[in-house]
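Coordinate analysis (summary)
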Amino acid sequence: MLDQLKKFLNSIKDSNQFKEWSKSHKDAYLCSAFLMGVDLNQNKWQIDFYNPENDKITSFIEEDSLITLKEEDIFKRPDDKVKELDLDK
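It should be emphasised that the depicted structure is a prediction, and the values quoted were computed from it without experimental measurement. (Residues numbered from 1 in each chain as written. Predicted model: local features only at pLDDT ≥ 70, side-chain atom pairs only at ≥ 80, totals over all residues. Heavy atoms only, no water.)

Not every positive phi belongs to a glycine, and aspartate 55 is a case in point at roughly 55°. Residue placement: aspartate 55 occurs in the loop between strand S2 (42–51) and strand S3 (56–63). (Helix = DSSP H or I, 4+ residues; strand = E, 2+ residues; numbered from the N terminus.)

The following block contains the structure:
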């Protein structure tokens, strides 16, 4: 499953959407990833990046071989820090 996650993360980073988005979100970092779906055969990855500059999360979601993104407010206490997700650990 970790290999699938890394593969999807690489496809996000190679996409034009991510490249354009990252130009204006230089300090953003990977903070979460999870599978959405009914079972392991029918699932979609969602990978989230946290931007400390505006305290928002941008989600990249796999939908029908396309990558969509959505920016939202983050639910946390003002003094809490969102930790970076290191997939190598």
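Turning next to the side chain of histidine 25. With respect to the element layout, histidine 25 can be found in the loop between helix H2 (16–23) and strand S1 (29–39). Look at histidine 25 and you get buried, because its relative accessible area is 13%. Only 3.5 Å separates the side chain of histidine 25 from the side chain of glutamate 71, close enough to count as a polar contact. (Buried < 20%, exposed > 50% of the residue type's maximum accessible area, 1.4 Å probe, protein only. Polar contact = N/O pair within 3.5 Å; in protein donor to acceptor, adjacent residues only side chain to side chain.)

Attention now goes to the pattern of salt bridges. Scanning all chains against the criterion turns up 5 salt bridges. A salt bridge links lysine 23 to glutamate 20, with the shortest nitrogen-to-oxygen separation between them at 3.0 Å. With lysine 23 and glutamate 20 both in helix H2 and 3 residues apart, the pair spans about one turn of that helix. Note that lysine 76 is salt-bridged to aspartate 55, the shortest N-O span being 3.4 Å. (Salt bridge = Lys/Arg side-chain N within 4 Å of Asp/Glu carboxyl O.)

Time to look at the packing of aromatic side chains. Enumeration over the complete set of coordinates arrives at 7 aromatic pairs. Arranged with centres 5.3 Å apart and planes meeting at 85°, the rings of tryptophan 21 and phenylalanine 60 form a pair that is edge-to-face. Linking tryptophan 21 in helix H2 with phenylalanine 60 in strand S3, this pair joins segments that are 39 residues apart in sequence. As far as burial versus exposure is concerned, tryptophan 21 and phenylalanine 60 are alike and both buried. Measuring from centroid to centroid gives 5.7 Å for tyrosine 29 and tyrosine 50, while their planes differ by 65°, and the two rings are edge-to-face. Taken together, the positions of tyrosine 29 in strand S1 and tyrosine 50 in strand S2 put the pair 21 residues apart, joining distant regions of the chain. (Phe/Tyr/Trp six-rings, centres within 6.5 Å; stacked < 30°, edge-to-face > 60°.)

Right, let's talk about the nonpolar core for a bit. Counting 14 residues, the largest nonpolar core has Ile12, Ile47, Phe49 and Phe60 as the members making the most contacts within it. Elements that contribute at least two residues to this core include exactly helix H1 (2–14), H2 and S2. Among the elements that line this core, the one with the most residues is H1, at 4 residues. Discounting residues that sit within four places of it in the chain, isoleucine 12 has contacts with Phe18, Ile47, Phe60 and Ile67. Counting 5 residues, the second largest nonpolar core, distinct from the first, contains Tyr29, Tyr50, Ile57 and Val82. (Core = buried A, V, L, I, M, F, W, Y, C linked by side-chain atoms within 4.5 Å. Contact = heavy atoms within 4.5 Å.)

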